[in-house]
Amino acid sequence: MKQANEKAGTGLGRAMRRTFALSVPATMVATAAVAMVFAIALDGCSSKTKETSSNQPSQTTVAQNQAPVVMPTPTPEPSPVKAETPKKKVAGRNVATIRYKNEDDGISFRYPRSYKMLPEIKADDTAWADPAPMNFAQPGGAVLANVGHISDPASSFFKISVNKGLTQEQCGQFATPSPAEVANTSPVDASDESIPAKATLRGAEFTRVENATEQTDVKYFHRWIQGSLNNGVGSCYEFALSVEETPGNTKSVDYNGMFDRLQRIFSTVKLADEPSQAVTAGVTSHPAEVTNPQ
């Protein structure tokens, strides 16, 4: 039994030694082979990586070698030109009329700039006869203002005079035709403007008459304003509208148009002492003011 066991142990040991002897070299060979394959693979990858790295420059080198790309600056589109709004004209700058105001006599009116304020024409002035002399039947009248537009073939004039201390009846009379001539005229033709007659203009009462000659045509209007003393006397205002043809004129004259412009001046008259319903301004403007130009 002892021998058998020893043999058996010896056989087992031998078998283990054979196995171990065979196993160690096989394992080492397998391990060495795997290591070699892995080394070859690593070497190939390393070579390929180096080759790729040597063929492709780095991003920094490429960025340094390439020229910077300049983006074009967009040209701004011009803004549309805004049309200028025309400035509104201020009323009163380009005035068409001038205001005359006489504070001493309490009268004012407006007249076109084409008319000029004329100096007082004396009765003995032979250089130029007054186309519209005062037509009071009573002495003592005085000219307050006289404006005229001198042109060809005819000139036009607007004159205001006053005669103080007259009764209403005296204010209704004229030097031409005289009260005696009027009394001898019978019957009186209502359409005959050469005969004095009553007229109402813009709520104010006037006595009017027209004197015409070959060269001139004058329309007179008398307006009586009672005095402050209330004694039956007052101031008689005379408004003369006249058109005078140029001597030797052969052209036609538009009397209606010229008298229409004079009537427009007449419509702007204001008297300080008369009631509010009397002659009022009819021209809507803000003209320059002329005070006591005489």
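Not measured: the values here are computed from a predicted model.

Enquirer: Would you mind going over the overall build of the protein chain with me for this structure?
Expert: When helices and strands are counted, the protein chain shows 5 helices and 11 strands. Among the 294 residues that make up the protein chain, the fraction classed as buried is 30%. In the protein chain, the share of contacts with a sequence separation of at least 24, taken over all contacts with a separation of at least 6, comes to 61%. Just so you have it, the protein chain exposes about 20,000 Å², and 56% of that area is on carbon and sulfur atoms.

Enquirer: What is the right way to read the nonpolar core from this model?
Expert: Soluble globular proteins: nonpolar side chains tend toward being buried together. Among the nonpolar cores identified, the biggest contains 29 residues, and Ile107, Phe109, Phe158, Phe239 and Val269 are the most heavily contacted of them. Broken down by secondary-structure element, the contributors of at least two residues to this core are strand E1 (97-102), strand E2 (107-112), strand E4 (142-149), strand E5 (154-166), strand E7 (204-212), strand E8 (216-226), strand E9 (234-245) and helix H5 (255-266). The biggest single contributor to this core is H5, with 5 residues.

Enquirer: Help me understand the environment of Gly172, please; the structure alone is not making it clear to me.
Expert: The residue Gly172 is located in the loop between helix H3 (168-171) and helix H4 (179-183) in this model. The contact partners of Gly172, leaving out residues within four places of it in the chain, are Pro196 and Thr207.

Enquirer: Just to check I follow, could you spell out the sheet that holds strand E6 (residues 197-201) for this structure?
Expert: With respect to topology, 7 strands assemble into an open sheet ordered E3-E4-E5-E9-E8-E7-E6, the strand pairing being antiparallel. Strands at the two margins of the open sheet, each flanked by one partner only, are strand E3 (116-117) and E6. Pairing of E8 with E9 involves 11 bridges; the strand directions are antiparallel. Note on E9: the bridge partner recorded for Ile225 is Ser235. Each of E5, E6, E7, E8 and E9 touches H5; the most contacted strand, E9, lies at about 150 degrees to it.

Enquirer: Please clarify how the pattern of salt bridges should be interpreted in this entry.
Expert: Between side chains of opposite charge, a pair can form as their charged atoms come close. Tallied over the full model, the rule gives 4 salt bridges. Of the charged contacts in the structure, one is a salt bridge between Asp152 and Lys251, with a shortest N-O distance of 4.0 Å. Placement of Asp152 in the loop between E4 and E5 and of Lys251 in the loop between E9 and H5 is noted, with a sequence separation of 99 residues between them. A single burial state applies to Asp152 and to Lys251, both of which are exposed. One salt bridge in this structure joins Arg264 and Asp260, with 3.4 Å as the shortest N-O distance. Note that Arg264 and Asp260 are positioned in helix H5 at a spacing of 4 residues, about one turn of the helix.

Enquirer: What is the right way to read unusual backbone geometry from this model?
Expert: What is expected of a backbone is that most residues other than glycine have negative phi and most peptide bonds are trans. The omega torsion of the bond from Asp152 to Pro153 falls at 20 degrees, within 30 degrees of zero and hence cis. Omega for the bond connecting Thr176 with Pro177 falls within 30 degrees of zero, at -5 degrees, which places this linkage in the cis form. Within the secondary structure, Pro177 sits in the loop between H3 and H4. The residue Arg202 is not glycine, and still its phi comes out positive at about 55 degrees. Counting through the fold element by element, Arg202 comes out in the loop between E6 and E7. Since its relative accessible area comes to 34%, Arg202 is described here as partly exposed.

Enquirer: Sorry, what's going on with the environment of Ser108 here?
Expert: Inspection of the secondary structure puts Ser108 in strand E2. Note on Ser108: relative accessible area 8%, which makes it buried. With 161 residues separating them along the chain, Ser108 and Val269 place their C-alpha atoms 5.7 Å apart. With near-sequence residues (within four places) excluded, Ser108 lies in contact with Arg99, Tyr100, Lys101, Thr268, Val269 and Lys270.

Enquirer: What am I meant to see in the side chain of Arg208 here?
Expert: Relative to the helices and strands, Arg208 resides in strand E7. For Arg208, which is buried and forms no salt bridge, the nearest opposite charge comes from Glu193, at a distance of 5.1 Å. Setting aside residues up to four positions removed in sequence, Arg208 forms contacts with Phe174, Ala190, Asp192, Glu193, Ile195, Pro196, Ala197, Ala199, Tyr220 and Phe221.

Enquirer: Explanation requested: the packing of aromatic side chains in the structure shown.
Expert: Centre distance and the angle of the planes are the two values used to describe a pair of aromatic rings. In this structure the tally under the stated criterion is 9 aromatic pairs. Relative to Phe158, the ring of Phe109 has its centre 5.5 Å away and its plane inclined at 65 degrees; by these criteria the two rings are edge-to-face. Within this pair, whereas Phe109 is found in strand E2, its partner Phe158 is found in strand E5, the two being separated by 49 residues in sequence. Note on Phe221 and Phe266: the rings are 5.2 Å apart at their centroids and 45 degrees apart in plane angle, and the pair reads as tilted. Separated by 45 residues along the polypeptide, Phe221 in strand E8 and Phe266 in helix H5 bring together distant segments of the chain. Taking the ring centre of Phe266 as reference, the NZ or CZ of Arg202 above it sits at 5.3 Å.

Thresholds applied
- Residues numbered from 1 in each chain as written.
- Predicted model: local features only at pLDDT ≥ 70, side-chain atom pairs only at ≥ 80, totals over all residues.
- Heavy atoms only, no water.
- Helix = DSSP H or I, 4+ residues; strand = E, 2+ residues; numbered from the N terminus.
- Buried < 20%, exposed > 50% of the residue type's maximum accessible area, 1.4 Å probe, protein only.
- Contact = heavy atoms within 4.5 Å.
- Areas by Shrake-Rupley, 256 points an atom, 1.4 Å probe, with all protein chains shown as cover.
- Core = buried A, V, L, I, M, F, W, Y, C linked by side-chain atoms within 4.5 Å.
- Pairing = 2+ DSSP bridges.
- Axes fitted to C-alpha atoms, helices over the stretch in contact; angles between N-to-C directions.
- Salt bridge = Lys/Arg side-chain N within 4 Å of Asp/Glu carboxyl O.
- Lys, Arg positive; Asp, Glu negative; His and termini not counted.
- Phe/Tyr/Trp six-rings, centres within 6.5 Å; stacked < 30°, edge-to-face > 60°.
- Lys NZ or Arg CZ within 6 Å of the ring centre and 35° of its normal.

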